[in-house]
Amino acid sequence: MTLCDLKPGEKGKVVSFGTEGVLRHRILDMGITTGIEIQLVKVAPLGDPLEIRLRGYNLSLRKSEASVIEIKQ
Amino acid sequence: MKYNLALAGNPNCGKTTLFNILTGSKQHVGNWPGVTVDKKEGVWRKHSDFNLLDLPGTYSLSPYSEEEKIARDYIVKEKPDCVIDIVESPNLERNLYLTLQILETGVPTVIALNMSDELEQRGETIDSNYIEKEFGVKVVKISARNNHGIDDLYKAVKETIDKGITPKKLPLFEKLKNLDDEQIANARYEKITSVVKHCYKKNKEVQNTETKSSKIDRILTNKVLGLPIFAVVMYLLFQISLGENLFFVGIPGLGIIFAGWVETIWEILTNFVASGLVNAAPWAQGLVIDGIFGGIGAVLGFMPLVLVLYMLLSILEDSGYMARVAFVLDRIFRKFGLSGKSFIPLLMGFGCGVPAIMATRTLDEEKDRHITTIITAFMPCGAKLPIIALFVSILFSPDQAANITFLIYAIALCVAILVSLVLNKVWYKGAVSNFLMELPQYRWPTPISVLQHSLEKIKGFARKAGTIILASTILIWFLTNFNVNSFNGVNQATNENSSVMSEMDDSFMASVGKVISPIFNPLGFSGWRPTVGIITGWIAKENVVATFAQVYDDDISEEYLSNYFNESSASKDELIEAGFEDGIYDSEVAREIYDGILAEGGDHNALPTVRRDIPTKSSGFAYIMFNLLCMPCFAAVGSMHRELKTWRKTLGGVGVQMLTAYIVALIIRLVGLLFGF
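Please read these numbers as outputs of a predicted model, since none were measured by experiment.

S.K.: An account of the overall build of chain A is requested, with residue identities and associated values reported.
M.R.: Looking only at helices and strands, chain A features two helices and five strands. Secondary structure of chain A in N-to-C order comes out as β-α-β-β-β-α-β. Computed over the C-alpha atoms, the radius of gyration of chain A is 11 Å, within 12% of the 11 Å expected from 2.2 N^0.38 for a compact globule of 73 residues. Along the first, second and third principal axes, the C-alpha set of chain A runs to 30 × 25 × 20 Å. Looking at chain A as a whole, 59% of its 73 residues qualify as buried. Partitioning the contacts of chain A with sequence separation of at least 6, the portion at a separation of at least 24 is 55%. A total of about 2700 Å² of accessible surface is found on chain A, and carbon and sulfur atoms cover 49% of it.

Right, dumping it as C-alpha cells:
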C-alpha cells in the first residue's frame, strides 16, 4: 500500500519509494526515509493535498507525490 | 579586522527575525548574481566588526534548488569566518539535517537553538552540552523574537573565531563518501535520531496531547469551514488594504485612507511649488508640475496601499496561515499550473496591480512567481474601471452594461488562466513543481518584524519603481506637449502665450500615434487618437479616459455642453442638481462636471468622433480588452521588474502581455465581424 491509502489518523512505516530526481531528493531531505513512521493527519478540503506528520513536524504533499511512497501498517 | 558571518537555517526557523534583531536598520537587500533570490547583508549593530549575511532558508545543502545552491556555494567557496546555524528547537530532528550538512563542510559553526523558551514552556529541554560534545561546536540557546541569549550567541561566535574551533570530523562523514543518495539520507537521519534521543527531554504529556497548531487547524483547514474562512480572510485582506467600502458601511479601508492623505499632502505641495512658478515659462511649469511632480505623485499614491497590504501579508505569513492557504487551494490552482498562494496576488490585482505584483514574493517556486507576476497585470484593477465604464456606456445600451462588464471580467480571468497554462508549457516546458511544503506551527507575529518587513518592501519599491516611473512619465509628458515647431520658434511665434509647447493634436505623440495606428487597424479601431489613448494609459490606466477627453475635445465643445446641460431652458434647481453651485451655468464648471459624467459613463450619446474612430461594438470591445490586457502602468512594470529582477525577463513579460492583448482583441474583432456587431 502507499501513503495515499491511509485514512486520516492512521499511521504507517515507510518501506520504499519509487521515484527519481528532484522529488526523490526533496522526499529524503524532508526526512521521509525508510523505516520512519508517518501519520496521515488530514486531507485538504478539496480532496488533495494531504497533511502528514513525521519526525515531530507537519508536512503537506500532493497525492501524486504520496503515491510513490510505499508503506506498511 | 572585519569578520564575515553567515546565517543559515531552515525556512520558518526564525532566521530573518534574528537577522533583523542583530542588524537593526543597518541592512542592505540586493540579489545574488545571476539569480532572483534576495541577498540580505548587514552589520551586527552592537559589534560592528562582524558583517552578517542572511543565506536563503533551506532544508538541505544538496544542490536541487537555487536557494540551496547559493547557500552551499557560499559556505564552501566563500568560507565565512563563522556560520551561525539557526535551529528551530521544537522541530529539532528535521532541523539537524541541515546542521549536519553544514558541519560536513568543516566550516567553523555555532549552533543557535532558537525558540528555546517555547520549548521550556512545554516542559521540554534540550541538553546543549551533549550536542556540543557530539559535534565539537558551540551551542547556545536563544529566542530571537524575545531578544534572549543574543549576548551568549556573540560570546560563542567570538570564541569560535578566536580559538579557531572547527566541527569534529565525525566517522559518519567519511562513510558517506561511498554511499548513494538514499543511503546518505538514511545514515544522516540515523545519526540525528540517536543524537535527538540523547539530548531531547520530551514531556510525555505534551507529546500525547494535540498540539495548539493542530487544534487551530481543526478549524482553519476544516473540510467544511476551511474554504469559507479563507474567503472571509481574503475579503478582509482586500477590503482593509484596497477597499473603498469596508464592511459596507461606506468607510474606506486603511490603505485608501492613507493614500488619500498622501495625495492631499502631495497636492498641497504641488500647488505650493506651482504658485512659485507662475512667472516661469509654460514648458518649465509643465516639466516640473506635470512631469516631475506628477511622476513622483504617481508612485507616492501607491505607497500606502503597498504598506498596508504588506503588513497584512506579513501577518498572514509570519503566523503560518499562508502555508494553509496553499494547502487549501492547491487543488484548484495546480490545474492552471500555479500554486495555491497565487490566489492572493490575483485577488489583489482587482484593487491595484502594484502591491499585487509585489505580493508574488510569498510564492515559493520561482516559476510560480514569474507566471503570477505576468498574469496579475491582466486583472481589471481600480484604474481600469473608468475605461470599462466609459466605453461600455458609449457603445452599449444601459441594460446591456452590467452583462458586458461581467463578460469583461470573465474574459480577463480566462485569459489569465490560459496564459498561465501556455507559459507553463512553452516557457517552463511543463516542469511539474513539487509541493512538499512544511505546515509550520502557528505563532503570533511580532509587530517589529511585521513593520520591518513592510518598510523594507516600500523602500525597494520607491527606489526601483520611482526611477522608471519618473523617467517614463517625463518622456510621455514631453511627447504629448512638444513637436518639431517647439524647437524652431514657430510655436513661440504663433501661440498666444508665446509658449514653445504644442497642442496634443500636433504633438510628437500624435505623430507617433499616426505611425503606430495601422497596427491596430485589424482590431477595428483606426486613427491616431485611440493609439495615443493606449500609450498615455501606460502612465496610469485611468489616463485613457482623460486622454480621450483631450484628443476628442471638439466632441465636448462648449456648444455641446450647453445643449447637454440644457442651459437655455433648465431651471435653477435643475442646474443645482446637475452640480452647478448657486444654479448658475458656467462653461468651465460644465466641463468639470461633464468629465466626471464621462468617466462614469453617464452620457450615452457622448463623443461622436470617437464613434467614427471606434465604429462598432466589437471594435470598442476590442479596444477595452486591449487596454486591459496590454502593458500595465509604469508603476506596475516597476514592481514587475522588482520581482522578475532582470530587464530581460521584465521586457519578456511585457511582450507576453502585449501579444496576449493583441490576440484577444483580434479574436473579439473577428467574432464581431462574423456575427455582424
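Alright, that's what it looks like, and here's the rest.
S.K.: Run through the overall build of chain B, naming residues and quoting values.
M.R.: Broken down by element type, chain B carries 32 helices and 10 strands. Each of the three principal axes of chain B carries a C-alpha extent, and together these read 95 × 55 × 50 Å. Residue pairs in contact within chain B that sit at least 24 positions apart in sequence constitute 72% of those at least 6 positions apart. Element-wise, carbon and sulfur atoms account for 60% of the exposed surface of chain B, whose accessible area totals about 30300 Å². For chain B, the centre of its 63 positive side-chain charges and the centre of its 71 negative side-chain charges are spaced 13 Å apart.

S.K.: I'd like to hear about the sheet that holds strand β5 (residues 69-72) of chain A, residue by residue, with values.
M.R.: Strand order in the open sheet made by the six strands is β5(A)-β1(A)-β2(A)-β3(A)-β4(A)-β10(B), with antiparallel pairing throughout. Looking along the sheet, the strands with just one partner apiece sit at the ends: β5 of chain A together with β10 (437-438) of chain B. Where strand β4 (residues 57-61) of chain A and β10(B) come together, two bridges link them in antiparallel fashion. Within β10(B), the position partnered with A:Leu59 by the bridge is B:Glu438.

S.K.: Could you give an account of the side chain of B:Ser517, naming the residues involved and the relevant values?
M.R.: Residues and elements named next belong to chain B. You can see Ser517 is positioned in the loop between α23 (508-516) and α24 (528-536). With relative accessibility at 8%, the residue Ser517 sits in the buried group. Not counting residues up to four positions away in its chain, the partners in contact with Ser517 are Gly527, Trp528 and Thr531.

S.K.: Outline the packing of aromatic side chains, supporting the account with residue identities and numerical values.
M.R.: Inspection of every chain in the model, using the stated rule, returns 27 aromatic pairs over all chains. Judged by centre distance (4.6 Å) and plane angle (10°), the ring pair of B:Tyr97 and B:Tyr189 falls under stacked. Of the two residues, B:Tyr97 is situated in helix α3 (residues 92-104) and B:Tyr189 in helix α8 (residues 181-199); the sequence distance between them amounts to 92 residues. A relative accessible area of 2% means that B:Tyr97 is categorised as buried. Owing to a relative accessible area of 1%, B:Tyr189 belongs among the buried residues under this scheme. By the ring-pair criterion, three or more aromatic residues cluster together here, those being B:Tyr560, B:Tyr564, B:Phe565, B:Phe580, B:Tyr585 and B:Tyr594. A cation over a ring is seen here: B:Arg94 above A:Tyr57, with NZ or CZ 4.3 Å from the ring centre.

S.K.: Could you give an account of helix α10 (residues 212-220) of chain B, with specific residues and numbers?
M.R.: Among all positions of α10(B), only B:Ser213, B:Ser214, B:Asp217 and B:Leu220 are buried. Each buried residue of α10(B) lies within a common arc of 120° when the element is viewed along its axis, so the set occupies one face. Among the exposed residues of α10(B), those oriented more than 90 degrees off its buried face are B:Lys212 and B:Arg218. On its buried face, α10(B) is in contact with β2 (37-43) and β3 (50-54) of chain A together with α11 (226-242) and α15 (321-335) of chain B.

S.K.: Quick one: what's the story with the interface of chain B and chain A, residue by residue and with numbers?
M.R.: Residue-level contacts link 37 residues of chain B with 33 residues of chain A. Where chain B touches chain A, the interface holds five salt bridges. One salt bridge connects A:Arg24 with B:Glu182, and the closest N-O pair in it is separated by 2.8 Å. Connecting chain B to chain A are 17 residue pairs in polar contact (both at pLDDT 80 or more). Residue assignment for the side of chain B that touches chain A shows that the elements contributing at least two residues are α3, α8, α10, α15 and β10 of chain B. Tallied by class, residues from the side of chain B that touches chain A come to 14 nonpolar, 11 polar and 12 charged.

S.K.: Outline a negative patch on the surface, listing residues and values.
M.R.: A surface patch of negative charge is lined by B:Glu503, B:Asp505, B:Asp506 and B:Asp554. For B:Glu503, the position within the fold is in the loop between α22 (490-494) and α23.

S.K.: So what's going on with the nonpolar core? Which residues, and what values?
M.R.: Core analysis: the largest hydrophobic core is formed by 123 residues, its most contacted members being B:Leu237, B:Phe391, B:Ile408 and B:Phe565. Dropping the residues within four chain positions of it, B:Phe565 is found in contact with B:Ala570, B:Leu575, B:Ala578, B:Phe580, B:Tyr585, B:Ala590, B:Ile593, B:Tyr594 and B:Ile597. Counting residues in hydrophobic clusters, the runner-up holds 51 residues, among them A:Leu28, B:Leu172, B:Leu176 and B:Leu436.

S.K.: Provide a residue-level description of the pattern of salt bridges, including the pertinent values.
M.R.: All chains considered together, the criterion is met by 22 salt bridges over all chains. Here B:Arg334 and A:Asp48 are joined by a salt bridge, their closest N and O atoms 2.9 Å apart. Of the two residues, B:Arg334 sits in helix α15 while A:Asp48 sits in the loop between β2 and β3, which places them in two different chains. A salt bridge links B:Glu134 to B:Lys191; the shortest N-O distance between them is 2.6 Å. With a gap of 57 residues between them, B:Glu134 in helix α5 (residues 128-135) and B:Lys191 in helix α8 connect regions that are remote in the sequence. Within this structure, A:Asp48, A:Arg62, B:Asp330 and B:Arg334 form a network of salt bridges that share partners.

S.K.: Report on the pairing of strand β6 (residues 109-114) of chain B, specifying residues and quantitative values.
M.R.: Residues and elements named next belong to chain B. Here β6 lies mainly inside the structure; six of its six residues are buried. Here strand β5 (residues 82-88) pairs with β6 via six bridges, running parallel. By the bridge assignment for β6, Glu88 is matched with Asn114. In this fold, β5 hands off to α3, which returns the chain to β6; that crossover is right-handed. The pairing of β6 with strand β8 (residues 138-141) spans four bridges and is parallel. Across the sheet, Ile111 pairs through a bridge with Val139, a residue of β8.

Calculation criteria
- Residues numbered from 1 in each chain as written.
- Chains lettered and ligands numbered in written order.
- Predicted model: local features only at pLDDT ≥ 70, side-chain atom pairs only at ≥ 80, totals over all residues.
- Heavy atoms only, no water.
- Helix = DSSP H or I, 4+ residues; strand = E, 2+ residues; numbered from the N terminus.
- Rg over C-alpha atoms; globule rule 2.2 N^0.38 Å.
- Buried < 20%, exposed > 50% of the residue type's maximum accessible area, 1.4 Å probe, protein only.
- Contact = heavy atoms within 4.5 Å.
- Areas by Shrake-Rupley, 256 points an atom, 1.4 Å probe, with all protein chains shown as cover.
- Lys, Arg positive; Asp, Glu negative; His and termini not counted.
- Charge placed at Lys NZ, Arg CZ, Asp CG, Glu CD.
- Pairing = 2+ DSSP bridges.
- Phe/Tyr/Trp six-rings, centres within 6.5 Å; stacked < 30°, edge-to-face > 60°.
- Lys NZ or Arg CZ within 6 Å of the ring centre and 35° of its normal.
- Arc of directions from axis to C-beta.
- Salt bridge = Lys/Arg side-chain N within 4 Å of Asp/Glu carboxyl O.
- Polar contact = N/O pair within 3.5 Å; in protein donor to acceptor, adjacent residues only side chain to side chain.
- Nonpolar A, V, L, I, M, F, W, Y, C, P; charged D, E, K, R; others polar.
- Patch = residues over 30% accessible without salt bridge, like charges linked within 9 Å, V, L, I, M, F, W, Y side chains within 5 Å.
- Core = buried A, V, L, I, M, F, W, Y, C linked by side-chain atoms within 4.5 Å.
- Right-handed = clockwise from strand over helix to strand, strands pointing away.

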